[in-house]
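# Structural features, examined
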Amino acid sequence: MAKNMKEKFDKYWRDPHKMKKMIFISCVLDPRHKFNTLSFALAAMFGETVGLKIQEDVKTYMDTLFNVYAMKNGGSGSCPSSGPSSPSSSSLLSKFMLDLKKHKKCGRVDSKTELDKYLGEDVEEDHEKFNILGWWKLNSPRFPTLAEMACDVLAILISSVASESAFSTGGRILDPFRSSLTPRLVQGLVCVQDWLRNESTTPVKIEEDLDNLEQLEAEFINMGREPYIVDI
(Lines give C-alpha, C1' and ligand atoms only; values in the text may rest on other atoms or scores of the structure.)
Protein backbone atom coordinates (compact mmCIF):
# COMPACT_ATOMS: atom_id res chain seq x y z
CA MET A 1 0.00 0.00 0.00
CA ALA A 2 2.77 2.41 0.93
CA LYS A 3 4.57 1.70 -2.35
CA ASN A 4 1.48 2.44 -4.38
CA MET A 5 0.92 5.67 -2.46
CA LYS A 6 4.54 6.72 -3.02
CA GLU A 7 4.25 6.12 -6.77
CA LYS A 8 1.11 8.28 -6.90
CA PHE A 9 2.81 11.00 -4.88
CA ASP A 10 5.88 11.02 -7.12
CA LYS A 11 3.69 11.20 -10.19
CA TYR A 12 2.36 14.61 -9.16
CA TRP A 13 5.09 16.04 -6.91
CA ARG A 14 8.47 14.49 -7.71
CA ASP A 15 9.40 16.80 -10.61
CA PRO A 16 8.41 20.36 -9.63
CA HIS A 17 8.73 21.64 -13.22
CA LYS A 18 6.09 19.17 -14.42
CA MET A 19 3.60 19.98 -11.70
CA LYS A 20 0.25 21.37 -12.82
CA LYS A 21 0.31 25.12 -12.29
CA MET A 22 -3.42 25.20 -11.66
CA ILE A 23 -2.91 23.84 -8.15
CA PHE A 24 -1.13 27.09 -7.25
CA ILE A 25 -3.72 29.43 -8.77
CA SER A 26 -6.14 28.85 -5.91
CA CYS A 27 -3.49 30.16 -3.51
CA VAL A 28 -2.96 33.27 -5.64
CA LEU A 29 -6.71 33.88 -5.77
CA ASP A 30 -6.88 33.75 -1.97
CA PRO A 31 -6.61 37.41 -0.85
CA ARG A 32 -5.01 36.25 2.42
CA HIS A 33 -2.04 34.71 0.61
CA LYS A 34 -1.54 35.64 -3.08
CA PHE A 35 2.10 35.31 -4.14
CA ASN A 36 3.36 36.14 -0.64
CA THR A 37 2.58 32.72 0.78
CA LEU A 38 3.22 30.93 -2.50
CA SER A 39 6.78 32.23 -2.87
CA PHE A 40 7.60 31.29 0.73
CA ALA A 41 6.13 27.79 0.38
CA LEU A 42 7.90 27.08 -2.92
CA ALA A 43 11.23 28.20 -1.53
CA ALA A 44 10.74 26.03 1.55
CA MET A 45 9.83 22.95 -0.50
CA PHE A 46 12.20 23.20 -3.47
CA GLY A 47 14.84 25.77 -2.53
CA GLU A 48 15.31 29.40 -3.54
CA THR A 49 16.40 28.83 -7.15
CA VAL A 50 13.85 26.21 -8.12
CA GLY A 51 11.11 27.93 -6.11
CA LEU A 52 11.70 31.22 -7.92
CA LYS A 53 11.54 29.48 -11.30
CA ILE A 54 8.24 27.81 -10.41
CA GLN A 55 6.87 31.12 -9.17
CA GLU A 56 7.71 32.75 -12.51
CA ASP A 57 5.98 29.90 -14.34
CA VAL A 58 2.91 30.32 -12.14
CA LYS A 59 2.88 34.08 -12.82
CA THR A 60 3.03 33.44 -16.58
CA TYR A 61 0.27 30.86 -16.30
CA MET A 62 -1.81 33.29 -14.23
CA ASP A 63 -1.40 36.05 -16.83
CA THR A 64 -2.38 33.69 -19.64
CA LEU A 65 -5.44 32.47 -17.78
CA PHE A 66 -6.48 36.02 -16.95
CA ASN A 67 -6.17 37.06 -20.60
CA VAL A 68 -8.38 34.16 -21.65
CA TYR A 69 -11.11 35.27 -19.24
CA ALA A 70 -10.68 38.91 -20.25
CA MET A 71 -11.06 38.09 -23.94
CA LYS A 72 -14.11 35.96 -23.19
CA ASN A 73 -15.71 38.91 -21.43
CA GLY A 74 -14.87 41.25 -24.30
CA GLY A 75 -12.06 43.10 -22.54
CA SER A 76 -9.00 43.80 -24.66
CA GLY A 77 -7.05 46.08 -22.31
CA SER A 78 -7.00 48.91 -24.82
CA CYS A 79 -8.88 52.17 -24.72
CA PRO A 80 -12.24 52.18 -26.52
CA SER A 81 -12.31 54.27 -29.65
CA SER A 82 -14.64 57.23 -29.85
CA GLY A 83 -15.84 56.34 -33.33
CA PRO A 84 -16.37 58.65 -36.31
CA SER A 85 -17.56 62.15 -35.46
CA SER A 86 -19.82 64.35 -37.49
CA PRO A 87 -18.32 67.62 -38.68
CA SER A 88 -21.10 69.72 -37.15
CA SER A 89 -19.56 73.04 -36.04
CA SER A 90 -21.89 73.36 -33.08
CA SER A 91 -20.79 70.05 -31.53
CA LEU A 92 -17.06 70.00 -32.39
CA LEU A 93 -15.96 71.46 -29.06
CA SER A 94 -18.30 69.33 -26.95
CA LYS A 95 -17.31 66.22 -28.91
CA PHE A 96 -13.63 67.00 -28.43
CA MET A 97 -14.07 67.50 -24.69
CA LEU A 98 -16.05 64.25 -24.39
CA ASP A 99 -13.37 62.32 -26.26
CA LEU A 100 -10.69 63.91 -24.10
CA LYS A 101 -12.55 62.91 -20.95
CA LYS A 102 -12.87 59.32 -22.17
CA HIS A 103 -9.19 59.27 -23.07
CA LYS A 104 -8.14 60.46 -19.62
CA LYS A 105 -10.45 58.01 -17.90
CA CYS A 106 -9.28 55.13 -20.07
CA GLY A 107 -5.63 55.91 -19.49
CA ARG A 108 -6.17 56.20 -15.75
CA VAL A 109 -8.03 52.90 -15.41
CA ASP A 110 -6.06 50.78 -17.86
CA SER A 111 -2.63 51.89 -16.67
CA LYS A 112 -2.78 48.73 -14.55
CA THR A 113 -4.64 45.59 -15.38
CA GLU A 114 -7.20 44.16 -13.02
CA LEU A 115 -4.76 41.42 -12.10
CA ASP A 116 -1.94 43.89 -11.37
CA LYS A 117 -4.18 45.93 -9.10
CA TYR A 118 -5.29 42.84 -7.21
CA LEU A 119 -1.76 41.57 -6.69
CA GLY A 120 -0.56 45.07 -5.79
CA GLU A 121 -2.93 45.41 -2.86
CA ASP A 122 -2.01 44.23 0.62
CA VAL A 123 -3.11 40.77 1.65
CA GLU A 124 -6.17 40.43 3.85
CA GLU A 125 -5.84 39.57 7.52
CA ASP A 126 -6.28 35.87 8.13
CA HIS A 127 -8.85 34.88 10.74
CA GLU A 128 -11.16 31.94 11.38
CA LYS A 129 -14.32 33.66 10.15
CA PHE A 130 -12.82 34.80 6.86
CA ASN A 131 -15.05 33.79 3.94
CA ILE A 132 -13.13 33.75 0.69
CA LEU A 133 -16.26 33.35 -1.45
CA GLY A 134 -17.90 36.21 0.41
CA TRP A 135 -14.82 38.35 -0.21
CA TRP A 136 -14.94 37.75 -3.95
CA LYS A 137 -18.67 38.42 -4.02
CA LEU A 138 -18.13 41.72 -2.22
CA ASN A 139 -15.21 42.74 -4.46
CA SER A 140 -16.59 41.46 -7.76
CA PRO A 141 -17.44 45.02 -8.94
CA ARG A 142 -13.75 45.93 -8.56
CA PHE A 143 -12.39 42.69 -10.04
CA PRO A 144 -15.12 41.23 -12.30
CA THR A 145 -12.79 39.08 -14.40
CA LEU A 146 -10.85 37.76 -11.42
CA ALA A 147 -14.09 37.09 -9.56
CA GLU A 148 -15.25 34.88 -12.41
CA MET A 149 -11.90 33.09 -12.37
CA ALA A 150 -12.18 32.56 -8.63
CA CYS A 151 -15.66 31.03 -9.01
CA ASP A 152 -14.27 28.47 -11.46
CA VAL A 153 -10.91 27.74 -9.84
CA LEU A 154 -12.09 27.56 -6.23
CA ALA A 155 -14.85 25.15 -7.24
CA ILE A 156 -12.27 22.50 -8.25
CA LEU A 157 -12.34 19.73 -5.67
CA ILE A 158 -9.15 18.41 -4.13
CA SER A 159 -8.87 14.69 -4.83
CA SER A 160 -7.39 12.34 -2.27
CA VAL A 161 -8.57 9.15 -3.97
CA ALA A 162 -5.05 8.03 -4.81
CA SER A 163 -4.08 7.79 -1.14
CA GLU A 164 -7.38 6.85 0.40
CA SER A 165 -8.01 4.05 -2.08
CA ALA A 166 -5.19 2.09 -0.46
CA PHE A 167 -7.17 1.97 2.78
CA SER A 168 -10.68 1.64 1.34
CA THR A 169 -10.48 -2.15 1.55
CA GLY A 170 -11.56 -1.92 5.20
CA GLY A 171 -15.04 -0.91 4.12
CA ARG A 172 -15.33 -4.12 2.10
CA ILE A 173 -14.40 -6.23 5.12
CA LEU A 174 -16.37 -4.52 7.87
CA ASP A 175 -20.07 -4.07 7.23
CA PRO A 176 -23.22 -4.14 9.42
CA PHE A 177 -23.21 -7.95 9.26
CA ARG A 178 -19.53 -8.33 10.16
CA SER A 179 -19.03 -5.51 12.62
CA SER A 180 -17.83 -7.70 15.50
CA LEU A 181 -14.50 -8.68 13.97
CA THR A 182 -11.57 -7.94 16.23
CA PRO A 183 -8.93 -5.42 15.08
CA ARG A 184 -6.33 -8.20 14.88
CA LEU A 185 -8.54 -10.32 12.63
CA VAL A 186 -9.32 -7.33 10.38
CA GLN A 187 -5.61 -6.60 10.10
CA GLY A 188 -4.98 -10.21 9.15
CA LEU A 189 -7.70 -10.16 6.49
CA VAL A 190 -6.37 -6.94 4.97
CA CYS A 191 -2.81 -8.28 4.86
CA VAL A 192 -3.86 -11.60 3.34
CA GLN A 193 -5.94 -9.79 0.74
CA ASP A 194 -2.97 -7.62 -0.18
CA TRP A 195 -0.67 -10.61 -0.44
CA LEU A 196 -3.12 -12.47 -2.65
CA ARG A 197 -3.36 -9.47 -4.98
CA ASN A 198 0.39 -9.09 -5.23
CA GLU A 199 1.39 -9.82 -8.81
CA SER A 200 4.81 -11.13 -7.77
CA THR A 201 3.31 -14.10 -5.93
CA THR A 202 2.30 -17.31 -7.64
CA PRO A 203 -1.32 -17.64 -8.72
CA VAL A 204 -3.65 -18.74 -5.97
CA LYS A 205 -5.04 -22.26 -6.38
CA ILE A 206 -8.24 -22.59 -4.42
CA GLU A 207 -8.23 -26.40 -4.37
CA GLU A 208 -4.72 -26.62 -2.91
CA ASP A 209 -5.50 -23.93 -0.35
CA LEU A 210 -8.61 -25.80 0.82
CA ASP A 211 -6.61 -28.98 1.19
CA ASN A 212 -3.97 -27.17 3.24
CA LEU A 213 -6.60 -25.61 5.46
CA GLU A 214 -8.23 -28.96 6.09
CA GLN A 215 -4.84 -30.45 6.95
CA LEU A 216 -4.08 -27.63 9.37
CA GLU A 217 -7.49 -28.00 10.97
CA ALA A 218 -6.90 -31.72 11.45
CA GLU A 219 -3.53 -31.02 13.05
CA PHE A 220 -5.12 -28.56 15.46
CA ILE A 221 -7.73 -31.12 16.45
CA ASN A 222 -5.10 -33.83 16.98
CA MET A 223 -3.16 -31.44 19.21
CA GLY A 224 -6.27 -30.93 21.31
CA ARG A 225 -6.65 -27.27 20.33
CA GLU A 226 -9.62 -25.61 18.71
CA PRO A 227 -8.89 -24.20 15.25
CA TYR A 228 -9.02 -20.43 14.98
CA ILE A 229 -12.08 -20.15 12.77
CA VAL A 230 -14.52 -17.28 12.65
CA ASP A 231 -17.86 -17.66 10.95
CA ILE A 232 -18.53 -14.81 8.59
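Right above here is the structure, for reference.
Residues numbered from 1 in each chain as written. Predicted model: local features only at pLDDT ≥ 70, side-chain atom pairs only at ≥ 80, totals over all residues. Heavy atoms only, no water.

## Description of the overall build of the protein chain
Within the protein chain, the secondary structure is distributed over 12 helices and 0 strands. Each helix (α) and strand (β) of the protein chain, taken in turn from the N terminus, gives the series α-α-α-α-α-α-α-α-α-α-α-α. Burial status across the protein chain gives 20% buried among its 232 residues. Across the protein chain, contacts joining residues at least 24 apart in sequence account for 67% of those joining residues at least 6 apart. For the protein chain, the exposed area adds up to about 17,700 Å²; of that, 58% sits on carbon and sulfur atoms. (Helix = DSSP H or I, 4+ residues; strand = E, 2+ residues; numbered from the N terminus. Buried < 20%, exposed > 50% of the residue type's maximum accessible area, 1.4 Å probe, protein only. Contact = heavy atoms within 4.5 Å. Areas by Shrake-Rupley, 256 points an atom, 1.4 Å probe, with all protein chains shown as cover.)

## Some thoughts on a nonpolar patch on the surface
The grouping of Phe9, Tyr12, Trp13 and Ile23 at the surface amounts to a nonpolar patch, some 420 Å² of accessible area in total. Topologically, Trp13 is positioned in helix H1 (residues 2-13). Among the residues examined, Trp13 registers a relative accessible area of 35% and is labelled partly exposed. (Patch = residues over 30% accessible without salt bridge, like charges linked within 9 Å, V, L, I, M, F, W, Y side chains within 5 Å. Salt bridge = Lys/Arg side-chain N within 4 Å of Asp/Glu carboxyl O.)

## Side note on the pattern of salt bridges
Considering all chains together, one arrives at 6 salt bridges under this definition. A salt bridge links Lys53 to Asp57; the nearest nitrogen and oxygen atoms lie 3.0 Å apart. With Lys53 and Asp57 both in helix H4 (residues 48-72) and 4 residues apart, this pair spans about one turn of that helix. Under the relative-accessibility criterion, Lys53 is labelled partly exposed at 38%. The exposure class assigned to Asp57 is partly exposed, which follows from its relative accessible area of 25%. The salt bridge involving Glu148 is made with Lys72; its shortest N-O contact spans 2.9 Å. Note that Glu148 is positioned in helix H8 (residues 144-153) and Lys72 in helix H4, a separation of 76 residues in sequence. By relative accessible area, Glu148 is classed as partly exposed at 26%.

## Let's talk about the side chain of Asp30
For Asp30, the location among the structural elements is in the loop between helix H2 (22-28) and helix H3 (34-46). With relative accessibility at 7%, the residue Asp30 sits in the buried group. Of the polar contacts made by the side chain of Asp30, one reaches the side chain of Arg32; its length is 2.8 Å. (Polar contact = N/O pair within 3.5 Å; in protein donor to acceptor, adjacent residues only side chain to side chain.)

## Describing the packing of aromatic side chains
For the structure on display, the rule yields 5 aromatic pairs. Ring centres of Trp136 and Phe143 lie 6.4 Å apart, and the angle between their planes is 70 degrees; this geometry places the pair in the edge-to-face category. In this structure Trp136 comes out as buried when scored by relative accessible area, which is 3%. Through a chain of ring-to-ring contacts, the aromatic side chains of Tyr118, Trp135, Trp136 and Phe143 assemble into a single cluster. The ring of Tyr118 carries Lys34 above its face, with NZ or CZ at 4.3 Å from the centroid. (Phe/Tyr/Trp six-rings, centres within 6.5 Å; stacked < 30°, edge-to-face > 60°. Lys NZ or Arg CZ within 6 Å of the ring centre and 35° of its normal.)

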